[in-house]
Amino acid sequence: MIVPRVAGIFGYYAVQLGDPHRDLLAASPISCRLRVGRSGNCQVRALGTGLPFESASVDLVIVSHLLEYVPYPQHVVREAHRILRPEGHLIVLVFSPTSIYGIRRMIDLSGGEYPWNGKFIAPGRLHDWFEVLGFGSAGGSYAGYALPSWHQGLAGLLEKAGERWWAVFGSAVLLHAIKRQPAVRLIRPRWESRRSRRKQAVPAVERSIGGK
């Protein structure tokens, strides 16, 4: 789901936010790869809303199952936009409310165990945030059509059927966006018009011989 996309993105710096126990950047050809979080196997300790990186300095940011568990997920997306260079890549993974996971969360009686204690985010909402910030869409994908506790054989069957028949109802959603740089239109002076005005004929006063 994520490996083919990550493997095709090049640059100098890559950052992973959330899901610190999984190395989602392992397939990346980028040499400097950092996992950022408050705990777990992270090289940088920081919040997703206040990243210690310069603006426009990172080539790839992965936000994996973090937006569902923070008070202001849109602030995390805005911070990712800030540190990404122009044409940099943002990959977001979230749990969708319109899925088997979403139904399971609605009827959860476990007292708030992961992942049911999060606020699942609809893909359409993420698209709205991307559009406001100036991201361009680079596609996406869905996965997860069975619950983890189901029998492996049944889960495998549902995964294959879901990918073919009801793909948009996958529990795990991957959205890929690119930070677009607004085009700058240069306003040039109209030199040709000025030259043409200089070349215009100037009336001359003819003086006849004898002063007449």
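Since the structure is predicted, the reported quantities are computational estimates derived from the model, not experimental observations.

Points about the overall build of the chain
- The helix and strand tally for the chain stands at six helices and seven strands.
- Helices (α) and strands (β) of the chain occur, in sequence order from the N terminus, as α-β-β-β-β-α-β-α-α-β-α-β-α.
- Residue burial in the chain is summarised as follows: out of 212 residues, 40% are buried.
- For the chain, contacts bridging at least 24 residues in sequence account for 68% of all contacts bridging at least 6.
- Approximately 13,400 Å² of the chain is accessible, and the part contributed by carbon and sulfur atoms is 56%.

Points about the packing of aromatic side chains
- Scanning all chains against the criterion turns up five aromatic pairs.
- Ring geometry for Phe130 against Phe135: centres 5.5 Å apart, planes inclined by 65°, an arrangement best described as edge-to-face.
- In this structure Phe135 comes out as buried when scored by relative accessible area, which is 9%.
- One aromatic cluster is present, formed by Phe95, Tyr101, Trp116 and Phe120 through successive ring pairs.
- Sitting above the plane of the Phe120 ring, Arg105 keeps its charged end 5.5 Å from the centroid.

Concerning the sheet that holds strand S4 (residues 58-64)
- Sheet architecture is open: seven strands sit in the order S3-S2-S1-S4-S5-S7-S6, paired in mixed fashion. Of all the strands in the sheet, just strand S3 (44-45) and strand S6 (135-143) have a single pairing partner and so form its edges.
- Summarising the sheet, strand S1 (residues 13-17) and S4 pair through four bridges and their orientation is parallel. Following the sheet pairing, Val15 is matched in S4 by Val61.

A short note on the layout of surface pockets
- Taken as a whole, the largest pocket holds about 490 Å³ of empty space.
- Looking at the lining of the largest pocket, the elements that each hand over two or more residues are strand S2 (32-37) and helix H2 (73-83).
- Of the volumes computed, that of the second largest pocket is approximately 310 Å³.
- Every residue lining the second largest pocket is counted, 15 residues in all, and those nearest its centre are Met1, Arg22, His65, Phe95 and Ala172.
- In terms of residue class, the lining of the second largest pocket is made up of 11 nonpolar, three polar and one charged.

Reading the values: rules and limits
- Residues numbered from 1 in each chain as written.
- Predicted model: local features only at pLDDT ≥ 70, side-chain atom pairs only at ≥ 80, totals over all residues.
- Heavy atoms only, no water.
- Helix = DSSP H or I, 4+ residues; strand = E, 2+ residues; numbered from the N terminus.
- Buried < 20%, exposed > 50% of the residue type's maximum accessible area, 1.4 Å probe, protein only.
- Contact = heavy atoms within 4.5 Å.
- Areas by Shrake-Rupley, 256 points an atom, 1.4 Å probe, with all protein chains shown as cover.
- Phe/Tyr/Trp six-rings, centres within 6.5 Å; stacked < 30°, edge-to-face > 60°.
- Lys NZ or Arg CZ within 6 Å of the ring centre and 35° of its normal.
- Pairing = 2+ DSSP bridges.
- 1 Å grid on protein atoms, 1.4 Å probe; cavity = no way out; pocket = protein on both sides within 12 Å on 5 of 7 lines; lining within 4 Å.
- Points joined across faces, edges and corners; volume = space filled by probe spheres on them.
- Nonpolar A, V, L, I, M, F, W, Y, C, P; charged D, E, K, R; others polar.

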